[in-house]
Every structure is written in structure tokens, then in C-alpha cells.
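Notes for the structure review
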Amino acid sequence: MNLRLFQIAVGLACTFLFLAIAFSRVQLGAVSAALAGANPLWAAAAMLIYAGSLALRAWRWQVILRPVAAIPYPAVARALLVGYGLNAIMPARLGELFRAEFFKKTYGLSRVWGLTSIVIERLFDGITVICCLGVGLLCAAAAKPNAALLVNVLVTGSVLFGAALLAAFCLAGSMMSRIVGRFPGLSPQMAMVQQGLEILRTWRTLEVIGLTLIIYVPDALSLWFLVKAVGLTLGFSDTLVLLGAASLSTLVPSGPAFLGTLQFAYALAVEFAGGARALGIAAATLAQLCLLLPLALIAAGILVHGSGNALYTILARRQSDPGRAGE
């Protein structure tokens, strides 16, 4: 509980910090005007494309889980929507923990396997967005605003995800099995982690890579449409930079809906593309309202529906058992 409170406190502190930085050279009226003049058709297109991206993400997660469990697509999709939706509500990406817990409650999948599969998913995501950011910066002019800061983000992200990928490969190896075998208390959990990471050492990795590349096509388009909605048309390289910066910003602890960090990332990327910082902040806010808020509402609906079904089952059992009806 103390750790959770610490994560929440850090997330809220980062939210206020990055909001202050993002708005340091921007008039609030300019952001409000950009939001008021946003084109609803482009925003609606972004929502539809983002929904397709989520459907593909559920398919990819199902593939990642195959080494440990053959889970039907609807169950995977519900769990993914719950996790992503709660990430949009709760600070410090606590939705990932709820995603694994929801899977355990609804399908009986071990938390260890659930969390391991989520780590794999995030590894592929991180490496992909780093590549997008790198290609975008490489294709763009070197003298653009914020280029040095974005390069620093690229280097930091590359080091972090490269180290995480190397650690995952080591954990999946046979040598680690022999090392862990010397500690009986850790062996069962580590065996489950290794089974979950097994996909990294099989040809199925290529399937996951292919799906990840496909996923980020609609992801990039949805961001392009959101920026288009506030009146700015991004080029190919600038869209890749926005995709990389916005995605990596969600790794920083923040408040609900990645408030603050997302505004800062959009502001940097839009300035890099030659647009006004106010347009970037407006586009980030539009993303939170049009993409993350509906996702949070869907997650809440799934949880409420699940709680209602559980309550109905309990009541039905008590009615069918006269001896327990008076409990």
C-alpha cells in the first residue's frame, strides 16, 4: 500500500511539473481556441482507427499468451480493454496490474503469466516506438526545434529498452534455469516466467513483430488525424516523431490520462514539426478526450457488468439453496 501511495504521489507530481513546463510559453486562450475550432470529423476518424488498433493489440496479446494458455479472443480483448482503460484513469500505469488481476479473476490465468505477457507486449511496443522516433529524427532536418531534446529521449529509451530486452532473453535461457534451481523458493515462479518468455526464443516472435508493425500503422494515423483536427498537417517523419515521443511519454509516472506528460510530448513534437506549441497541447487534450476517456468508460462498463454478473450468480445460488437463503 505504501508503494502504491508513493507511485500515485510521484505520478501527480510529474503531472503538475510537465503541465507547468508545457504551458510555460503558451497562452491558455490559444489552447482553448484550438480545441474549440477542432474538426469533429477528423477526431471521429481518429477514434475509429484507434478502435482498430486496440482490436489488433488484443490479437497480438493472444499470440503472446499461446505458450501458456489458449485463451479465446473475447476474453483477451476484455482484459486488454480493462487494463488500457484503467491506465487512462489511474496514475503510474497501475492499470497493468489490474489487467493481470482481472485475467486471474475471470479466466484463472496466473498473475505471473499475465504480468510476463504484458512485459513482452511492452518490450515490443517500446522497441517499435524507439525505431519510429529514430527514423523520424533521421529523416527530418537537423536544425529543427527540440531536436537535441528528442535525440536525448531516443538515446535514453534505447538504453532502457535494450537492457530490458537483454534481461528478458537471459531470463528465458537455460542457464538461468540452472541458477534459479539452486533457490527452491524461487523456482516455481521463475519457471512460470521462463515459460511465458519462451516466445522470445521461437519463430513465433516474428508473428508478434509483424503484428506490432501493423498495430502502429493505425496508431500513427490516429495521431495524425488528431493533429489534423486542430489545423496542422504533419509529414511522414514528423508523424513518426510524434508517435515516438507521445508513446515514450506514457512511461513517465503521471496522473490520470497521462495528464501533463502527454501535453509536453505533443508540444515538443508539434514544435519540431514547425507548428505552434498551443496546437500540440490542444491535440494532446483531444487525444485524452476522444481516445482515453471513451476507453476508460468502456473499462468501467466491463468491470460493472462483471460485478453485476458475479452478484447475480451469488443470489441465484442462495435462492437455489434454501438452507443458505437466510444467511
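Residues numbered from 1 in each chain as written. Predicted model: local features only at pLDDT ≥ 70, side-chain atom pairs only at ≥ 80, totals over all residues. Heavy atoms only, no water.

**Observations concerning the overall build of the protein**
- Scanning the protein from terminus to terminus reveals 13 helices and 0 strands.
- When the helices and strands of the protein are listed from N to C terminus, the series reads α-α-α-α-α-α-α-α-α-α-α-α-α.
- Taken over 327 residues, the protein has a buried fraction of 47%.
- Contacts in the protein between residues far apart in sequence, at least 24 positions, make up 74% of those at least 6 positions apart.
- Total accessible area computed for the protein in this model is approximately 15800 Å², and 72% of it derives from carbon and sulfur atoms. (Helix = DSSP H or I, 4+ residues; strand = E, 2+ residues; numbered from the N terminus. Buried < 20%, exposed > 50% of the residue type's maximum accessible area, 1.4 Å probe, protein only. Contact = heavy atoms within 4.5 Å. Areas by Shrake-Rupley, 256 points an atom, 1.4 Å probe, with all protein chains shown as cover.)

**Description of the pattern of salt bridges**
- According to the stated counting rule, one finds 14 salt bridges in the structure shown.
- Ionic pairing is found between Glu121 and Arg99, a salt bridge with its closest N-O pair at 2.7 Å. Placement of the pair is Glu121 in helix α6 (residues 111-139) and Arg99 in helix α5 (residues 95-107), with a sequence separation of 22 residues. In this structure, Glu121 and Arg99 share a single accessibility class: buried. (Salt bridge = Lys/Arg side-chain N within 4 Å of Asp/Glu carboxyl O.)

**What about unusual backbone geometry?**
- The phi dihedral of Ala257 is positive, around 60°, even though this residue is not glycine.
- Residue placement: Ala257 occurs in the loop between α11 (236-249) and α12 (261-272).
- Judged by relative accessible area, Ala257 falls into the buried class, the value being 16%.
- Positive phi, close to 55°, is recorded for Phe258, a residue that is not glycine.
- By relative accessible area, which is 9% here, Phe258 ends up buried.

**A short note on the environment of Gln288**
- Assignment of secondary structure puts Gln288 in helix α13 (residues 277-320).
- Considered as a pair, Gln288 and Phe258 are 30 residues apart in the sequence and their alpha carbons are 8.2 Å apart.
- Leave out the neighbours within four places in its chain, and Gln288 touches Ala257, Phe258, Leu259, Leu262, Gln263 and Leu293.
- A polar atom in the side chain of Gln288 sits 2.7 Å from the side chain of Gln263. (Polar contact = N/O pair within 3.5 Å; in protein donor to acceptor, adjacent residues only side chain to side chain.)

**Let's talk about the nonpolar core**
- Among the nonpolar cores identified, the biggest contains 97 residues, and Trp61 and Tyr266 are the most heavily contacted of them.
- Top element by residues in this core is α13. It accounts for 14 residues.
- With sequence-adjacent residues up to four places away left out, Trp61 is seen in contact with Val76, Ala79, Leu80, Arg99, Phe103, Ser117, Ile118 and Glu121. (Core = buried A, V, L, I, M, F, W, Y, C linked by side-chain atoms within 4.5 Å.)

**Notes on the packing of aromatic side chains**
- Per the counting criterion, the structure on display carries 6 aromatic pairs.
- Ring centres of Phe18 and Phe264 lie 5.3 Å apart, and the angle between their planes is 55°; this geometry places the pair in the tilted category. Here Phe18, found in helix α1 (residues 2-22), pairs with Phe264, found in helix α12; they are 246 residues apart in sequence, far enough to count as distant.
- A relative accessible area of 16% places Phe264 in the buried class. (Phe/Tyr/Trp six-rings, centres within 6.5 Å; stacked < 30°, edge-to-face > 60°.)

**Notes on helix α3 (residues 40-65)**
- For α3, spanning 26 residues, the distance from its first C-alpha to its last is 38 Å, which sits close to the expected 38 Å at 1.5 Å a residue.
- Between the side-chain oxygen of the N-cap and the backbone nitrogen of Leu41 there are 2.9 Å, and the N-cap of α3 in question is Asn39. (Expected span 1.5 Å × (residues − 1).)

**Some words on the environment of Trp59**
- Mapped onto the elements of the fold, Trp59 is located in helix α3.
- The partly exposed category is assigned to Trp59, whose relative accessible area is 39%.
- Considering only alpha carbons, one finds Trp59 and Tyr73, 14 residues apart in sequence, at a separation of 6.9 Å.
- Not counting the four nearest positions on each side in its chain, Trp59 is found in contact with Arg66, Tyr73 and Leu211.

**Points about the state of the cysteines**
- Considering all chains together, one arrives at 0 disulfides under this definition.
- Free of any disulfide, Cys132 has its nearest cysteine sulfur in Cys131, 7.1 Å distant. (Disulfide = S-S within 2.5 Å.)

**A few points about the side chain of Glu96**
- Structurally, Glu96 can be placed in helix α5.
- Looking at Glu96, its side chain comes within polar contact range of the side chain of Asn87, at 3.4 Å.

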